[in-house]
Amino acid sequence: MKCVNDFRLRLAGRELVPIIVGGMGVDISAACLALEAARMGGIGHISDAMVPTVSDRRFRTKFVAEKLKQYKYNVLNNDKADVQFNLARLAEATALHVGRTMEAKKGPGLIFINCMEKLTMNAPRETLRVRLIAALDAGIDGITLGAGLHLGSLSLVQDHPRFHDAKFGIIVSSLRALLLFLRKNARLGRLPDYIVVEGPLAGGHLGFGMDWAQYDLKTIVAEILQYLAEQGLDIPVIPAGGIFTGSDAVEFLESGAGAVQVATRFTVTNECGLPEKVKQEYLHAREEDIEVNLISPTGYPMRMLKGSPGIGAAIRPNCEAYGYLLDNSGHCAYIDAYNNEREARGADADFSVKEKSCLCTHMRNFAIWTCGHYAYRLKDTTHLLPDGSYALLTAEHVFHDYQYSKEHEIRLPVPVGPPEAGPVRQIR
Ligand SMILES: Cc1cc2nc3c(=O)[nH]c(=O)nc-3n(C[C@H](O)[C@H](O)[C@H](O)COP(=O)(O)O)c2cc1C
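Just so you know, these numbers come straight off a predicted model, no measurement behind them.

1. Looking at the overall build of the chain
Then step 1. In terms of regular secondary structure, the chain is built from 12 helices and 13 strands.
Then step 2. Taking the principal axes of the C-alpha coordinates as reference, the chain spans close to 60 × 60 × 45 Å.
Then step 3. When burial is assessed residue by residue, the chain has 50% of its 428 residues classed as buried.

2. Some thoughts on the site of the ligand
Then step 1. Near the ligand there are 30 residues, and of these Gly22, Gly25, Gly203, Gly204 and Gly372 occur at the shortest range.
Then step 2. Looking at the shell around the ligand, the elements with two or more residues in it are strand S5 (110–116) and strand S11 (260–262).

3. Focus: the sheet that holds strand S9 (residues 204–205)
Then step 1. The three strands are arranged S9-S13-S12 in an open sheet whose pairing can be described as antiparallel. Two strands lie at the open edges of the sheet, namely S9 and strand S12 (290–293), each paired on one side alone.
Then step 2. When S12 meets strand S13 (residues 302–305), the two strands line up antiparallel, connected through four bridges. Looking across to S13, one finds that Ile290 is bridged to Leu305.

4. Some thoughts on the packing of helix H1 (residues 31–39) against helix H12 (residues 395–404)
Then step 1. One way to put it is that H1 packs onto H12 with a least axis distance of 10 Å and a crossing angle of 45°. One way to sum up the angle between H1 and H12 is to call them oblique. In the crossing of H1 with H12, the sense of the turn from one axis to the other is right-handed. Residues Leu33, Glu36 and Ala37 of H1 form the contact with H12, whose participating residues are Ala395, Glu396 and Phe399.
Then step 2. Residue composition of the contact of H1 with H12, by class: four nonpolar, no polar and two charged.

5. Overview of helix H4 (residues 87–103)
Then step 1. Its 17 residues give H4 an end-to-end C-alpha distance of 24 Å, which sits within 8% of 24 Å, the value for a rise of 1.5 Å per residue.
Then step 2. Listed in full, the buried residues belonging to H4 are Leu90, Ala93, Thr94, Leu96, His97, Val98 and Thr101. All buried residues of H4 fall inside an arc of 165° around its axis, so they share one side. Across from the buried face of H4, at angles greater than 90 degrees, the exposed residues are Ala88 and Glu103.
Then step 3. The inward-facing, buried residues of H4 abut H1, strand S4 (43–47), helix H2 (51–59), helix H3 (63–71), S5 and helix H5 (124–137).

6. A closer look at unusual backbone geometry
Then step 1. A cis amide bond, omega -5°, links Gly25 with the succeeding residue Val26.
Then step 2. With respect to the helices, strands and loops of the structure, Val26 is situated in the loop between strand S3 (19–21) and H1.
Then step 3. In this model, Met121 sits at a positive phi of 50°, which is unusual for a non-glycine residue.
Then step 4. Structurally, Met121 can be placed in the loop between S5 and H5.
Then step 5. According to the C-beta neighbour criterion, Met121 is buried, with 24 such atoms within 10 Å.
Then step 6. Backbone geometry at Asn122 places phi at a positive 65°, although glycine is not the residue there.
Then step 7. Along the chain, Asn122 falls in the loop between S5 and H5.
Then step 8. By C-beta crowding, Asn122 is classed as buried, having 23 other C-beta atoms within 10 Å.

7. Things to note about helix H10 (residues 333–345)
Because each turn of an α-helix spans 3.6 residues, side chains separated by three or four positions in sequence point in the same direction.
Then step 1. With 13 residues, H10 should cover 18 Å at 1.5 Å per step; its first-to-last C-alpha distance of 19 Å lies within 8% of that length.
Then step 2. Positioned one or two residues after H10, Gly346 has a phi angle of 95°, which is positive.

8. Quick look at the nonpolar core
Then step 1. Within the largest apolar cluster, 128 residues are counted, with the highest numbers of intra-cluster contacts made by Ile143, Ile195, Val197, Ile238 and Val260.
Then step 2. Residue contacts for Ile195: discarding those within four places in its chain leaves Gly169, Ile170, Val172, Leu178, Ile224, Ile235, Val237 and Ile238.

9. Observations concerning the environment of Leu359
Then step 1. Within the fold, Leu359 resides in helix H11 (residues 359–364).
Then step 2. Judged by local crowding, Leu359 falls into the buried class, with 27 C-beta atoms found within 10 Å.
Then step 3. For the pair formed by Leu359 and Thr298, sequence separation is 61 residues and the distance between their alpha carbons is 9.0 Å.
Then step 4. Once you skip the residues sitting within four places of it in the chain, Leu359 turns out to touch Ser296, Pro297, Leu325 and Ile368.

10. What about the environment of Thr53?
Then step 1. Here Thr53 lies in helix H2.
Then step 2. We classify Thr53 as buried; it has 23 C-beta atoms within 10 Å.
Then step 3. For the pair formed by Thr53 and Asp27, sequence separation is 26 residues and the distance between their alpha carbons is 9.5 Å.
Then step 4. Once you skip the residues sitting within four places of it in the chain, Thr53 turns out to touch Val26, Val64, Tyr322 and Arg364.

Reading the values: the criteria
Residues numbered from 1 in each chain as written. Predicted model: local features only at pLDDT ≥ 70, side-chain atom pairs only at ≥ 80, totals over all residues. Helix = DSSP H or I, 4+ residues; strand = E, 2+ residues; numbered from the N terminus. Buried ≥ 20, exposed ≤ 12 C-beta atoms within 10 Å, placed from the backbone. Near = placed C-beta within 6 Å. Pairing = 2+ DSSP bridges. Axes fitted to C-alpha atoms, helices over the stretch in contact; angles between N-to-C directions. Parallel < 35°, antiparallel > 145°, perpendicular 65-115°, else oblique. Left-handed = near helix turned anticlockwise from the far one by under 90°. Contact = placed C-beta atoms within 7 Å. Nonpolar A, V, L, I, M, F, W, Y, C, P; charged D, E, K, R; others polar. Expected span 1.5 Å × (residues − 1). Arc of directions from axis to C-beta. Core = buried A, V, L, I, M, F, W, Y, C linked by C-beta atoms within 7 Å.

Laid out in structure tokens, this is it:
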């Protein structure tokens, strides 16, 4: 019986542990989590979602306050077309977030950034170009393009000096989406360096409709592997979504995958950016506490805990401070949902907005608790403590559990006891 450590991912001239910690915005896959994955020889992701906000929290910059001050006059206006991102500031924030992370990198692994096309930021092409260029300039090892088809994204950086040296990957949920991406980018002479195939059990937004349960990751991965083999294309395929044990990963690696991308199990590690209280919510989740709904203004279904405080919350749209989901003419589906409800109930009444959510604000405040389908199994990966909370894990422990475990075993951490309990054993 094999374990993940019997396999290697060949990428960027290296032999990597084939474990990729997926991007989790907004700063849930925090730099210290990504750095741990790289230190252990795998790949970690930081996220490019709401980087000015993340930079304010990480480096005490004032990007959000500055933008809000500039557009405060527009707060009561439903038309947000005026509310533009300052591109120089966006580049500065990205340079800080990526640059400081790369400076701290140790070990044989790589750090990638997850870049979501759905962050249209009231000027989709311009803001995406700035984000990609700034990340490349700041030395990121690779860029994983997600949440969108990214048909024009590579062409935005085709003249960048690192266009051929940095790694580019695309996240798809079907062979069809992959074919569109490949056809559209054929003229650039630049194939993706890796393909993440995200199935219906993943966390975050899903690349499926509300019929997601009819799809199966193994089938989609097999179709894509077969297509690549027929075309003679040697591009690592990386399944993601619902890979909960090392043995789940081995099944994919044995059938031809280059690595696996995992996320949910890392949400309850010390290094994950979620607040401790929210990590406990994930650990306490039962299967019936998890749903896939349509409250994201992006239009994509999203999986989350039903108890997320952002669900139904009727906060005033906050686009002057954030505005990451404004389309290219200053619209966001939450603004309409909020106004419709406000009109129906009356401005002074208490009301709830069930249809859509102010995702920027709630993700920034960790109030939408997005998770993978198997989040309800997280409690099985650690110990229940006497006070009713669960012990958090280290990223190293979870990474090594994926890397070395066999027969679907999950190693629990050694409980930390009083000194007389003896030395704490290092778990591999
Ligand atoms: C809390 C959370 C946030 C996520 N945020 C993003 C994101 O911002 N962008 C993205 O492309 N994928 C996102 N994902 C998906 C993961 O990167 C990953 O592909 C997927 O969740 C893997 O499945 P697993 O969680 O079952 O291991 C998120 C997943 C989780 C659990």
